[in-house]
Amino acid sequence: MSTIAPNRPEERTPVWEHAVASFLPLRIRDRARSWMRHLPLALILLIQAAASLRLSNTIQRDEGLYIWTGYRIIENWLHGTPLSDEPAQYFSGAPAVYPVIASVLDRVGGLELTRIFSLLWMLAATVAIHAVAKRMFHTKAAFWAAASFAVAGPTMFLGHFATFDAMALSLLALAMAAGVRGVQRRQYALVPVVAVLLSLAVISKYAALMFVPFVLAVIWFAPGQRWRSIRFAGLAGLLTAGILAVVGLTVGRPALQGLTSTTTNRSAIVNASWQDIALLTLESIWPYLLVGLVAACYIALRLRRPLLALVLLGAMLAPAVYQAYIGESVSLEKHLTFGLVFICLAIGALLSAPIVHPIRRVVSAGVIMVMGIVGLASSHHLYEGWSNTQELSDIMAYSWEATPYMRTLGDVGEPLRYRFMHETEDWQWTTTDSIYYDGQRGMEAAEAGLRDRYWQYVYLDGTTQESRELMGEMESFGYELTHTIDLQNSYGPDVYQVWENYEAPRGAAADEG
């Protein structure tokens, strides 16, 4: 059977290692050199961590929803507290996995610890990319692959964002690393490890299923005897399918509806044309599109591995193509990060290409510098994509203290519900994108509830159609405008109006009270 080996330049000990080792006693130099080989990767991880931790904002609505849902699920498990709805029907990942973990971390260390949990996953993904690139190509390629991933804007963003994206992405990367290692070392015991990691990635976030074939394809094209890589990838794929089937047909049955409504047959939240998706993709990762295309050509033509190049390039473009197909722009930036896991392998191979060494190093460093500058700017833009709600929640705190059992109606309620979740009940919160009252829903429910004084505290910024219509009618329902709060995010001004009415409820609201 033929053996396919990567194009590996001769590995030589870097000059800086010799220089540092010369200061150490002779008896520990060899041991020290083994540790020093990890210093470049450690430096990359340090830069990545600093770039993510520099981002600061109040909680985003998805973060608030996941953590709050996790608390509700735990209360249901421990005390039998009924759930007001079924999270599995609208979550794009199993609600019993990441949300529960996030709520436990939040109880221990607050939002910051929950966000650091995401950072650890993203750092693990960088280590996995380094390991895969080292085995697919060589050590220098591993360095540049890890560096290119670490400085990407979406990578920095997900490294300080408390959702299941970082966890699912890292599980995919770790599965790929385990699979490539298993092929090269003939360790078939890693087949179930790969299958479990892939299954957990999909269970954590259903959209990760899109990237499972790409992970298996990279394992398939891992350097080594072709029959061994085919057998390994095939077994891992079959076992993954079996695990997901068993989970889906047993404990995961309620999640199948959520899988359909949020992923496979998703209705667009923010409609977008394919031109909009293309422009957003270009704005988010343009350096990776440009360098990634050149890198894919290098792997296909210079390294003579065209199928691998096609897989890596396809994985980068898959999120944009899928979201253009469904006409949806929400979460595109996060999903593009999954594609970067693959294309950065190709970029690592390109930036370590054996051309004239001084030129290669300068060019490679320049490319990473451009990627880093773009990444810093884009991650800041993403992290400022929602308004800092500190002032709004501080104002609301006075009303909660005076009227602890009041009902609220508002836009983007998750951040506020997160802050007050230990002092309030679920029934006290209604958001304008899901209004129900007295058997009615939508605008009819809102108008009927306001006439009956069902809600005492209303905060609106025009996010939804119902909110925009209500902002001009609140005074006619007898509500008083008590505060106008000027907020700002990366998309422009965000002005909240706070309306209050504490008169006695009437009609159906009085009967319910």
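Our structure is the block above this text.
Anyway, here's the lowdown on the structure attached to this text. Predicted model only: the values in this text are computed from it and were never measured.

## A short note on the overall build of the chain
Looking only at helices and strands, the chain has 21 helices and nine strands in total. When each of the 513 residues of the chain is scored for burial, the buried share is 54%. Long-range contacts, defined as pairs at least 24 residues apart, comprise 75% of the intrachain contacts of the chain with a sequence gap of at least 6. If you sum the accessible surface of the chain, you get close to 23,300 Å²; carbon and sulfur atoms cover 63% of it.

## Quick look at helix α5 (residues 98-136)
Between the first and last C-alpha of α5 there are merely 31 Å, a value that for 39 residues lags more than 12% behind the 57 Å anticipated at 1.5 Å per step. Roughly 130° is the biggest bend found in α5, and it falls at G109.

## Considerations on unusual backbone geometry
A positive phi angle is found at D438, which is not glycine, with a value near 50°. Inspection of the secondary structure puts D438 in the loop between β5 (436-437) and β6 (440-441). Judged by its relative accessible area of 52%, D438 falls in the exposed class. Of note in the backbone geometry, R453 takes a positive phi value of approximately 60° without being a glycine. With respect to the helices and strands, R453 occurs in the loop between α19 (442-451) and β7 (457-460). On the accessibility criterion, R453 (8% relative accessible area) is buried.

## Observations regarding the environment of G375
Mapped onto the elements, G375 comes out in helix α16 (residues 357-383). Discounting chain neighbours no more than four positions away, the residues touching G375 are V151, A152, G153 and M156.

## Here's the deal with the packing of helix α8 (residues 165-185) against helix α11 (residues 226-249)
Interhelical geometry of α8 versus α11 gives an angle of 140° and a closest axis separation of 9 Å. With respect to each other, α8 and α11 are oriented oblique. Here α8 runs over α11; the crossing is right-handed. Residues A178, G179, G182, V183 and Q184 of α8 form the contact with α11, whose participating residues are R228, S229 and F232. Among the residues forming the contact of α8 with α11, the class breakdown is three nonpolar, four polar and one charged.

## As for the nonpolar core
Formed by 120 residues in total, the largest nonpolar core has its most connected members in I299 and F342. In terms of residue count, the dominant contributor to this core is α5 (15 residues). Residues contacting F342, with those up to four places away along its chain left out, are M176, F211, F214, V215, V218, L312 and A315.

## Looking at the side chain of T163
Of note, T163 is situated in the loop between α7 (153-158) and α8. On the basis of relative accessible area, T163 is assigned to the buried category, the value being 1%. Reaching out from T163, the side chain makes a polar contact with the side chain of D165 at a distance of 2.7 Å. Among residues more than four places away in sequence, those in contact with T163 are D62, E63, Y66, Y98 and S118.

## With respect to the side chain of D165
Structurally, D165 can be placed in helix α8. What makes D165 buried here is its relative accessible area of 0%. A polar side-chain atom of D165 sits 3.2 Å from a polar atom in the side chain of K334. Excluding residues within four positions of it along the chain, D165 makes contact with L158, K205, K334, H335 and F338.

## Some points on the packing of aromatic side chains
This structure, assessed with the given rule, holds 25 aromatic pairs. Their ring planes at 85° and their centres at 6.3 Å tell us that Y66 and Y98 sit as a pair that is edge-to-face. Pair noted here: Y66 is in helix α4 (residues 61-79) and Y98 is in helix α5, with a separation of 32 residues, a long-range link. For Y98, a relative accessible area of 1% corresponds to the buried category. Members of the aromatic cluster, each reached through a chain of ring pairs, are Y66, Y90, F91, Y98, F117, W121 and F164. Looking at R72, its charged tip hangs above the ring of W68, at a distance of 4.1 Å from the centre.

## Considering the pattern of salt bridges
It is possible for side chains of opposite charge to pair when their charged atoms get near one another. Per the counting criterion, the structure on display carries seven salt bridges. The salt bridge involving R61 is made with D433; its shortest N-O contact spans 3.4 Å. Taken together, the residues R61 in helix α4 and D433 in the loop between β4 (429-431) and β5 connect sequence positions 372 residues apart. Residue R61 is classed as partly exposed on the basis of its relative accessible area, which comes to 25%. For E63, the salt bridge goes to R115, with nearest N and O atoms at 2.8 Å. Taken together, the residues E63 in helix α4 and R115 in helix α5 connect sequence positions 52 residues apart. Classification of E63 as buried rests on a relative accessible area of 0%. One network of salt bridges, in which partners are shared, links R61, E414 and D433.

## Points about helix α10 (residues 212-220)
Among the nine residues that make up α10, seven are buried, leaving the element largely enclosed by the rest of the structure. Among the residues of α10, V212, F214, V215, L216, A217, V218 and I219 are the ones counted as buried. Those residues of α10 hidden inside the fold are in contact with α5, α8, α9 (190-204), α11, α14 (306-326) and α15 (332-351).

## A look at the sheet that holds β7
Spatial strand order, β4-β3-β7-β9-β8: five strands in an open sheet with mixed pairing. Each edge of the open sheet is held by one strand with a lone partner, namely β4 and β8 (480-489). When strand polarity is set aside, the average angle formed by the axes of neighbouring strands in this sheet is 15°. As paired strands, strand β3 (residues 408-410) and β7 are joined by three bridges and run parallel to one another.

Reading the values: the criteria
- Residues numbered from 1 in each chain as written.
- Predicted model: local features only at pLDDT ≥ 70, side-chain atom pairs only at ≥ 80, totals over all residues.
- Heavy atoms only, no water.
- Helix = DSSP H or I, 4+ residues; strand = E, 2+ residues; numbered from the N terminus.
- Buried < 20%, exposed > 50% of the residue type's maximum accessible area, 1.4 Å probe, protein only.
- Contact = heavy atoms within 4.5 Å.
- Areas by Shrake-Rupley, 256 points an atom, 1.4 Å probe, with all protein chains shown as cover.
- Expected span 1.5 Å × (residues − 1).
- Bend = angle between axes of the 7 residues up to and from the residue.
- Axes fitted to C-alpha atoms, helices over the stretch in contact; angles between N-to-C directions.
- Parallel < 35°, antiparallel > 145°, perpendicular 65-115°, else oblique.
- Left-handed = near helix turned anticlockwise from the far one by under 90°.
- Nonpolar A, V, L, I, M, F, W, Y, C, P; charged D, E, K, R; others polar.
- Core = buried A, V, L, I, M, F, W, Y, C linked by side-chain atoms within 4.5 Å.
- Polar contact = N/O pair within 3.5 Å; in protein donor to acceptor, adjacent residues only side chain to side chain.
- Phe/Tyr/Trp six-rings, centres within 6.5 Å; stacked < 30°, edge-to-face > 60°.
- Lys NZ or Arg CZ within 6 Å of the ring centre and 35° of its normal.
- Salt bridge = Lys/Arg side-chain N within 4 Å of Asp/Glu carboxyl O.
- Pairing = 2+ DSSP bridges.

From the geometry alone we can't say anything about function, so treat these as descriptive.
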